[in-house]
Amino acid sequence: MTYEAREEVPSVSDYINIRLSAGLSRKSPEAAAIGLKNGLFSVVVYFGAIPVGIGRVIGDGGCFFEIVDIAVLPEHQKKGLGHLIMQSLMKYIRANALPTAYVSLMADHGTPKFYERYGFEASLLPKKAGMALRIT
């Protein structure tokens, strides 16, 4: 079997399962359903008929785009699926982001070098500060 990236929104259950299996935070089914419906672009990687990876672009479609939810099931990691996902997401960004658009992402510790391949740079103090607020 081979891997195939499809431009589609993952199901709520696949989204939650892949995120959790890849070590990302839990999202409630209600939040996932709303978020998935309101994204700009999504990709799901399949191994045969089984979803094994996801990635999404969210934002306002004009000024701001954010790459989120890059996740691959552990047994399928280290096989180039992150690159396959990022290629699809960056193809969408390049086709849809106008000049002056700001594209961002939050990388887990240890992964910034991966995203540098796609033109991303670390935001460092004092010039910029990445910040976050988690609602619990």
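The notes below deal with the structure included here. (Residues numbered from 1 in each chain as written. Predicted model: local features only at pLDDT ≥ 70, side-chain atom pairs only at ≥ 80, totals over all residues. Heavy atoms only, no water.)

## As for the pattern of salt bridges
Opposite charge on two side chains allows them to pair when their charged atoms are near.
Next up, step 1: Counted by the stated rule, this structure contains four salt bridges.
Next up, step 2: Across the pair Arg-6 and Glu-4 runs a salt bridge whose closest N-O atoms are separated by 3.3 Å.
Next up, step 3: Using a relative accessible area of 29% as the deciding quantity, one classes Arg-6 as partly exposed.
Next up, step 4: Here Lys-113 makes a salt bridge to Glu-116, at a shortest N to O gap of 3.7 Å. Placement of the pair is Lys-113 and Glu-116 together in helix H4 (residues 112–116), with a separation of three residues, close to one helical turn.
Next up, step 5: Owing to a relative accessible area of 64%, Lys-113 belongs among the exposed residues under this scheme. (Salt bridge = Lys/Arg side-chain N within 4 Å of Asp/Glu carboxyl O. Buried < 20%, exposed > 50% of the residue type's maximum accessible area, 1.4 Å probe, protein only. Helix = DSSP H or I, 4+ residues; strand = E, 2+ residues; numbered from the N terminus.)

## Examining the nonpolar core
Next up, step 1: Ranked by size, the top nonpolar core spans 31 residues in total, and within it Val-57, Ile-67, Met-86, Leu-89, Met-90 and Phe-120 carry the most contacts.
Next up, step 2: It is helix H3 (residues 81–96) that provides the largest number of residues to this core, a total of seven residues.
Next up, step 3: In contact with Leu-89, other than residues within four places in its own chain, are Phe-41, Val-43, Gly-55, Arg-56, Val-57, Ile-67 and Ile-70. (Core = buried A, V, L, I, M, F, W, Y, C linked by side-chain atoms within 4.5 Å. Contact = heavy atoms within 4.5 Å.)

## Brief notes about the sheet that holds strand S1 (residues 3–6)
Next up, step 1: Taken together, five strands build an open sheet; the order of strands is S1-S2-S3-S4-S5 and the sheet is mixed. Each of the sheet's edge strands pairs with one partner strand only, and the pair in question is S1 and strand S5 (102–105). The average angle at which neighbouring strand axes cross in this sheet is 20°, direction not considered.
Next up, step 2: Looking at chain direction, strand S3 (residues 50–59) and strand S4 (residues 64–72) are connected through six bridges and run antiparallel. Within S4, the residue paired with Ile-54 across the bridge is Ala-71.
Next up, step 3: Each of S3 and S4 is contacted by helix H1 (residues 12–21), which is oriented at about 95° to S3, the strand it contacts most. (Pairing = 2+ DSSP bridges. Axes fitted to C-alpha atoms, helices over the stretch in contact; angles between N-to-C directions.)

Don't take any of this as a statement about function, it's just geometry.
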